[in-house]
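# A closer look at the structure
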Amino acid sequence: MDIPEITISLKCLFCGSDLEGPEDEEYNSGDLIKCIKCGKENDYDSVLEIAKDEGLEAVKAQLQNKLKNMFK
Ligand SMILES: [Zn+2]
């Protein structure tokens, strides 16, 4: 079964804007990502955790749709 590609974007915990760092920047556990919109610093681990949950939900929803169509 092919799994659709889902892009996970990191979102600011405070204002919900997409967090964009410099292209070549690598974030590590414990890093703080500064939001360009509100200027607050997001804990990378928390941001990633939420992004992962959202990504999982999206994958689950897509799989359920596929299964539904299969058994029609
Ligand atoms: Zn923000």
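Note that the structure is predicted; figures quoted are calculated from it, not measured. (Residues numbered from 1 in each chain as written. Predicted model: local features only at pLDDT ≥ 70, side-chain atom pairs only at ≥ 80, totals over all residues.)

## Notes on the overall build of the protein chain
Helix and strand content of the protein chain: one helix and two strands. Going from N to C terminus, the protein chain has its helices and strands arranged as β-β-α. Residues counted as buried form 7% of the 72 residues belonging to the protein chain. When contacts within the protein chain are restricted to residue pairs at least 6 apart in sequence, those whose partners lie at least 24 apart make up 39%. (Helix = DSSP H or I, 4+ residues; strand = E, 2+ residues; numbered from the N terminus. Buried ≥ 20, exposed ≤ 12 C-beta atoms within 10 Å, placed from the backbone. Contact = placed C-beta atoms within 7 Å.)

## What to know about helix H1 (residues 44–70)
For H1, with 27 residues, the first-to-last C-alpha span of 39 Å sits near the 39 Å given by 1.5 Å per residue. Within H1, only one of the 27 residues are buried, which leaves the element largely exposed. (Expected span 1.5 Å × (residues − 1).)

## Regarding the environment of Ile-33
Counting through the fold element by element, Ile-33 comes out in strand E1 (residues 32–34). When the 20 C-beta atoms within 10 Å are taken as the criterion, Ile-33 is described as buried. When the C-alpha atoms of Ile-33 and Leu-19 are compared, they prove to be 7.6 Å apart, with 14 residues separating the residues in sequence.

## Notes on the environment of Phe-14
Checked against the element boundaries, Phe-14 lands in the segment before E1. Separated by 28 residues in the primary sequence, Phe-14 and Asn-42 place their C-alpha atoms 8.0 Å from one another. With sequence-adjacent residues up to four places away left out, Phe-14 is seen in contact with Cys-35, Cys-38 and Lys-40.

## Looking at the confidence of the model for the protein chain
Summarising the model, the protein chain shows a mean pLDDT of 87, and 89% of its residues fall at 70 or more. Within the protein chain, strand E2 (residues 41–43) carries the highest mean pLDDT (95), whereas H1 carries the lowest (92). (pLDDT = per-residue confidence, 0-100.)

## Observations regarding the environment of Lys-40
Within the element layout of this structure, Lys-40 appears in the loop between E1 and E2. Distance in space between the C-alpha atoms of Lys-40 and Leu-13 is 8.9 Å, their sequence separation being 27 residues. In this structure, Lys-40 is in contact with Phe-14 and Cys-35, ignoring residues within four places of it in sequence.

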